[in-house]
Protein chains: 2
Amino acid sequence: MLELLERDGLARICKFSVNNKEVETPTLMPVINPGKIVISPRDIYEKFKLKSIITNSYIIYNNNDLKEKALTQKLHKMLDYPGIIMTDSGTFQDHVYGNLELDPQKILDFQREIGADIGTILDIFTEPDFSREQALSAIEETARRGAQALKIKGNMKLAGTVQGSVYLDLREYAAQKMSALEFDYYPIGGVVPLLESYRYSDIVDILIASKLNLDPSKPVHLFGAGHPMFFAMSILLGVDFFDSSSYIKYARDNRFLFPDGTRELKDMKYVPYYSPVLDKYEVSELAQMPYDDRVKLIAEHNLFISVEELNRVKTAIFEQSIWEYVEERSRSHPALYSALKTLKKYQEKLERFENLSRKHAYFYTSIESLNRPVIYRLDKRIRSEFQNEKTVVVLNQENIDKMKQYIETANATFLVHTPFGFIPYQLMSIYPILQSSFPDYPDKIDNLKHIMDSWDLDTLISRLKNPDDPIGDEFITEHKKDLDIEKIRAIVDYQFGKYSSNALFNGPVKIVKSKNTGMIRTVFLDDKHILSMRNDGFFTLKYEAGKLLHAYFKYPKLRIAVSKDSAEFNMLGKNVFARFVVDMDPDLIPYDEVLIVDPDDNYIGVGRTFMNKTEALKFKKGMVAEVRETNKK
Amino acid sequence: MLELLERDGLARICKFSVNNKEVETPTLMPVINPGKIVISPRDIYEKFKLKSIITNSYIIYNNNDLKEKALTQKLHKMLDYPGIIMTDSGTFQDHVYGNLELDPQKILDFQREIGADIGTILDIFTEPDFSREQALSAIEETARRGAQALKIKGNMKLAGTVQGSVYLDLREYAAQKMSALEFDYYPIGGVVPLLESYRYSDIVDILIASKLNLDPSKPVHLFGAGHPMFFAMSILLGVDFFDSSSYIKYARDNRFLFPDGTRELKDMKYVPYYSPVLDKYEVSELAQMPYDDRVKLIAEHNLFISVEELNRVKTAIFEQSIWEYVEERSRSHPALYSALKTLKKYQEKLERFENLSRKHAYFYTSIESLNRPVIYRLDKRIRSEFQNEKTVVVLNQENIDKMKQYIETANATFLVHTPFGFIPYQLMSIYPILQSSFPDYPDKIDNLKHIMDSWDLDTLISRLKNPDDPIGDEFITEHKKDLDIEKIRAIVDYQFGKYSSNALFNGPVKIVKSKNTGMIRTVFLDDKHILSMRNDGFFTLKYEAGKLLHAYFKYPKLRIAVSKDSAEFNMLGKNVFARFVVDMDPDLIPYDEVLIVDPDDNYIGVGRTFMNKTEALKFKKGMVAEVRETNKK
């Protein structure tokens, strides 16, 4: 069972529990070969604090001693490991060593009998060079075996692997098919050959095709990915689990894993990232050590460094700066940079999972920073809000103050030229426009250009100064606009959708500003407090505002509908939990303001989402929305 | 005394020794306030392994107890610190607290009397908002005081600070002026206000203006820079020393330093970079600790993290990947990204210090990767070699093989379209062309375009197929070219300068290739082995080749001239050391092949440089060139 704790788009920190054992994800399951223990499972649990491991049921099954021991002692005792134990099925061995003629049912029975917490079906490994037909037939056979396995899994949780080679439509198909079968856990398989040849950008394609078609409430595991270089990118795309025999395999070749790549013992002198092993031993000492001792120490280094990279990625999720971190990490290798460039294609798909705003400012640190889904959203929402405007005047940020008289009186839309492109004057204070930091000379983008019949400031002023130009008539109006009202209308329309301002401001509006900063703080309608402005430039809805929006917009817009039972609790101010959600506006995104309603669309109160609809309907545990204000509270 | 150990352009690892104490640079001098010790100097030496510290003579001078103690015990005993102790003069305090009316001579005498290893003149701090006149007068007064100080410094080493506010010509002037006075050590002052306001790109300008006009054999210290975020960028530009009170100042505000920025205790949950403090204590424990205990622990964290970042930068220098590392680090903050973009201006200036090739492949990981000096060099040398060519045919990498017959017979220059731009066909195997890694879709640059009357492949083939087109006559020649000869001629001209091929191949040439790879390995002239090809695609000169180049090119081209005494040793194969160099070809760069000659230009042998001329004539210690082959060895 997965519970969402922190999120930054698809990247997430979760609590995963099985058989009363818990692990915080994203995490790494070290691969344990019970026949050749290098670092003991007990050390992995206590020293490295890794609460889940993976071992291979096929290897145990094929060794009479191990088999006997596993059947009598069961896995947890045999390995002396109190955490979550997953077993793999032999698929990968079949891929490496060729037709092993394994029996899918026998290997599944065996996993269950030896007490695996999570077992894995014997799926068919899809090679990158498979034909479409081969890949499709592997998917079908995998699904057939999966369906069989689900019948005999008993209490064991079951992992159903998503295959499909490099055919993205097949990956989508496989993900949908496996998702429909309702496995407990979804590994993404067939990627090791791609990882080995640095085809990270292909893996991005595969991850998107798979992840977005899987049940979001189930863990996703990238099978065979054990190099910390690729953790951040995978986690950005929603991966929760990695497994790794890399820590040992690389150690056997005297190779040290680092977050920016691999280093060979013979080439090392300085130590770029701390590890207890390289703190205790000089590189030269390690070189002279007996082989087995050295392998163990390098394996320990590799595991430590992998955990450290996971901690860095978790920090980034917690701080909601996963995009910044991935953009930084992607400078370690051209193949990672390729993968970063590939993300551009998926802005629209990722935007549905993207938080409304973030804890910290938007940092622009390369041209690729413009490919983040939040920029796609900005552009999309501005286009939809302003696409019918005809006369557009472009301002530079420097001359906004000088232009105030025209802005107040002109019958035109004013756009400000910012490093994000052209932004409506009224929206200059929302995230990420105001909450951003750019280099001295950012790369300018020109969005919205095609919808405009645009004048720049100089054109405007020269025309206004020319008595023969008819512009005065069409441009300057008698009526002086209330810029604050214009601003809150624009923000509300941006945040809650077109016409929201009509819903909210249908009476006398009073705006209260901060005495110190002059910034808008609260908005009253008919002397009732309806909106409060946050640091991210967006509004928090008060109960009364929710009521107005509820009355104005038809179901399900802006709503999350909860069961009758839940409604009674939510009315008292308790948060909305996953299994009580019956429906939700599909346009709501994480951290949106939301109206909570009962199944008959009776209005209960306002809150803030933590999930989008796809997620809310699937998760069985955890909070979907925070309830802020109801009639009763 | 500074000795160069490893280098990557201006970035360098050196051994700095004073009074029989040694420190490896780049390093950090923690600031010690003798009145308020937070981490003991002994711990700094033993636990943090930092072999130099800085303390403030003005603070000691102004406190009767400390003054008395310092004069009687001397600094090393008083602070219980066996490493190098530098003293600052009170300039910064004067800057912070206003006119303190310090006496430059008294404060210098005092530093000497208390036993500082390195003392600092009382220079005039130049604020970023100084007028030119103010900045210039500060420089003049600083130089005047410096000249006085040099007379009374005794055995103490003396630091002469480079000031100049943000006026780059004044920074250049100050650096030249202070350099001419021959101080032992060069701090760059007046940058703290710029660091505090994240004006990193201004600091890049200042560093270049200062560093390139200072004696390269003296240490450069960036005064007041203590945040690890900016270490890599400064070191790229030749900074050797940092000092920091930041580790304590930030700790007092509950702020943790990290290589990617600062984090406040209250915002922290996960730990992105290991430190012993955050390994031992939970963030919540630290929050509840008594203030002084917490400050000490955060200060320890800050120092540890700073040292770790220095280790990462040293690794990058050792691995000759400082540019890759700086480009990655620059994604941590838009101000760092600004500074990275600023570097583009200085490609030409930096190229003189840039190694001929590197240990590892060139990694392209952003559009900024094209701003590295090695790309500037590539472009410059190719232009100079091919600018007179008239008919140019552009090949794609994919169709080189198909075109072989035309390449062999055509009276034209063939350029290959690579992600580096257009590269002559013959140079495709040199660094960084072959030794490079690009993303799937690199940003293409079109160098050389303006010098070409260019045909692409399709044009060429269609013209060749048309019997009425006169191209056959002008294009296809009877003579079939020897492509291997063309290739070694082009490489030699690129590596040693135009006409080098005439010097080297003035007789029957034999090329030996690897049986396995088909790559050129060695070149013989008149059955004498003259060249060996390295992995970087360049040639190593044999003794006989050096002799040919020596005979062909006039002094000082390709030469390093050593004293008579040295010549005798070098003849026996001993390396060339700094204080014996009397002259050098100013066009030689680090890791170039070089001819060693005596003062009368008698040819001694061939070797490989480690420094350029500016450096070779200034350094007093360390190797300038490795001698590989002489007449006697």
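Shown above is the structure to which this text applies.
Asks: It is not clear to me how the overall build of chain A should be interpreted in this structure. Could you clarify?
Replies: Across its full length, chain A holds 27 helices and 29 strands. For 633 residues, the compact-globule formula gives about 26 Å, and the C-alpha radius of gyration of chain A, at 28 Å, lands near that figure. Each of the 633 residues in chain A was classed as buried or not, and the buried ones make up 61%. Restricting to contacts in chain A with at least 6 residues of sequence separation, those with at least 24 account for 68%. Total accessible area computed for chain A in this model is approximately 25100 Å², and 47% of it derives from carbon and sulfur atoms.

Asks: Please clarify how the packing of helix 19 (residues 373–386) of chain A against helix 23 (residues 483–496) of chain A should be interpreted in this entry.
Replies: Axis angle and axis distance: for two packed helices, these are the angle between their axes and the distance between the axes, and together they describe the pair. Residues and elements named next belong to chain A. Between helix 19 and helix 23, the least distance of the axes is 10 Å, while the angle of their chain directions is 120 degrees. The pairing of helix 19 with helix 23 is recorded here as oblique in orientation. Judged by the twist between their axes, the crossing of helix 19 over helix 23 is right-handed. Together, Arg377, Leu378, Arg381, Ile382 and Glu385 of helix 19 and Ala490, Asp493, Tyr494 and Gln495 of helix 23 make up the contact between the two elements.

Asks: Teacher, can you tell me more about the relation of the copies chain B and chain A here?
Replies: Superposition of the two copies of the chain requires a rotation about an axis together with a shift along that axis. Taken as rigid bodies, chain B and chain A are interconverted by a rotation of 180 degrees and an axial shift of 0.0 Å, the fit giving an RMSD of 0.0 Å. Classification of the inter-copy transformation places it as that of a two-fold axis. Of every C-alpha in chain B, the one belonging to Glu328 of chain B sits nearest the axis of rotation, 2.8 Å from it. A share of 100% of interface residues in chain B that are also interface residues in chain A marks the association as one of identical surfaces.

Asks: In this structure, what is going on with the sheet that holds strand 28 (residues 603–609) of chain B? I would like to understand it.
Replies: Strands belonging to one sheet form pairs held by backbone hydrogen bonds; the direction of such a pair is parallel or antiparallel. Residue and element names in this part refer to chain B. Ordered by their spatial adjacency, six strands build an open sheet running 25-29-28-27-24-26, and the pairing between neighbours is mixed. The open sheet terminates on both sides in strands that have one partner only, identified here as strand 25 (576–577) and strand 26 (581–584). As defined by bridge partners, strand 25 adjoins strand 29 (residues 623–630) across two bridges and the pair is classed as antiparallel. When the sheet's bridge partners are listed, Val576 is paired in strand 29 with Ala625.

Asks: What exactly am I supposed to notice about the interface of chain B and chain A here?
Replies: Interface size, as often reported, equals the accessible area lost upon joining of the parts. Facing 45 residues of chain B, the contacting portion of chain A comprises 45 residues. At the boundary of chain B with chain A, total buried surface from both sides reaches about 3800 Å², with 53% on carbon and sulfur atoms. The three residues of chain B that bury the most area against chain A are Tyr270, Glu328 and Arg331 of chain B, which together make up 20% of that side's buried surface. For the salt bridge of Glu319 of chain A with Arg263 of chain B, the shortest nitrogen-to-oxygen distance reads 2.6 Å. At the junction of chain B with chain A, the criterion picks out 18 residue pairs in polar contact (both at pLDDT 80 or more). Listing elements by their share of the side of chain B that touches chain A, those giving two or more residues are helix 15 (291–318), helix 16 (322–329) and helix 17 (334–342) of chain B.

Asks: Even after reading the chapter, I still don't get the environment of Gly537 of chain A, so can you show me in this structure?
Replies: Structurally, Gly537 of chain A is set in the loop between strand 22 (528–533) and strand 23 (539–541). Taking the C-alpha atoms as reference points, Gly537 of chain A and Leu350 of chain A, separated by 187 residues in sequence, lie 23 Å from one another.

Asks: Would you explain empty space enclosed by the protein in this entry?
Replies: Left-over empty space is what a probe sized like a water molecule reveals as it rolls over the atoms. The final tally for this structure, using the stated rule, is ten cavities of 30 Å³ or more. Put simply, the largest cavity is a space of about 110 Å³. Along the walls of the largest cavity sit Tyr273, Tyr274, Ile305, Glu308 and Arg312 of chain A together with Pro259, Tyr273, Tyr274, Ile305, Glu308 and Arg312 of chain B, which together make up its complete lining.

Asks: Can you walk me through the packing of aromatic side chains in this structure?
Replies: Two numbers describe a pair of aromatic rings. These are the distance of the centres and the angle of the planes. Overall, the coordinates contain 47 aromatic pairs over all chains when judged by the stated rule. Taking the centre distance of 5.9 Å and the plane angle of 35 degrees together, the rings of Tyr362 of chain A and Phe438 of chain A count as tilted. Here Phe438 of chain A lies in the loop between strand 18 (436–437) and strand 19 (453–456) and Tyr362 of chain A lies in strand 14 (residues 362–363), a separation of 76 residues in the sequence. For the pair shown, Tyr362 of chain A and Phe438 of chain A are each scored as buried. Taken together, a centroid distance of 6.3 Å and an interplanar angle of 40 degrees make the contact between Phe258 of chain B and Tyr273 of chain B tilted. Placement of the pair is Phe258 of chain B in strand 12 (residues 255–258) and Tyr273 of chain B in the loop between strand 13 (261–264) and helix 13 (276–280), with a sequence separation of 15 residues. Note on accessibility: Phe258 of chain B and Tyr273 of chain B belong to one class, buried. Members of the aromatic cluster, connected to one another through ring pairs, are Tyr337 of chain A together with Tyr362, Tyr364, Phe420 and Phe438 of chain B.

Asks: Would you mind showing me how to read the nonpolar core here?
Replies: General note: in soluble globular proteins, nonpolar side chains tend to be found buried as a group. Counting 393 residues, the largest nonpolar core has Leu222, Phe414 and Leu531 of chain A together with Leu222, Leu395, Phe414 and Leu531 of chain B as the members making the most contacts within it. Once residues lying within four places of it in the same chain are set aside, the contact partners of Leu531 of chain A are Val492, Leu504, Phe505, Arg521, Thr522, Val523, Phe539, Thr540, Leu541, Lys542 and Ala545 of chain A.

Calculation notes
Residues numbered from 1 in each chain as written. Chains lettered and ligands numbered in written order. Predicted model: local features only at pLDDT ≥ 70, side-chain atom pairs only at ≥ 80, totals over all residues. Heavy atoms only, no water. Helix = DSSP H or I, 4+ residues; strand = E, 2+ residues; numbered from the N terminus. Rg over C-alpha atoms; globule rule 2.2 N^0.38 Å. Buried < 20%, exposed > 50% of the residue type's maximum accessible area, 1.4 Å probe, protein only. Contact = heavy atoms within 4.5 Å. Areas by Shrake-Rupley, 256 points an atom, 1.4 Å probe, with all protein chains shown as cover. Axes fitted to C-alpha atoms, helices over the stretch in contact; angles between N-to-C directions. Parallel < 35°, antiparallel > 145°, perpendicular 65-115°, else oblique. Left-handed = near helix turned anticlockwise from the far one by under 90°. Least-squares fit on C-alpha atoms with pLDDT ≥ 70 in both. Pairing = 2+ DSSP bridges. Buried area = accessible area lost by both parts, 1.4 Å probe. Salt bridge = Lys/Arg side-chain N within 4 Å of Asp/Glu carboxyl O. Polar contact = N/O pair within 3.5 Å; in protein donor to acceptor, adjacent residues only side chain to side chain. 1 Å grid on protein atoms, 1.4 Å probe; cavity = no way out; pocket = protein on both sides within 12 Å on 5 of 7 lines; lining within 4 Å. Points joined across faces, edges and corners; volume = space filled by probe spheres on them. Phe/Tyr/Trp six-rings, centres within 6.5 Å; stacked < 30°, edge-to-face > 60°. Core = buried A, V, L, I, M, F, W, Y, C linked by side-chain atoms within 4.5 Å.

All we've got here are geometric facts, nothing functional implied.
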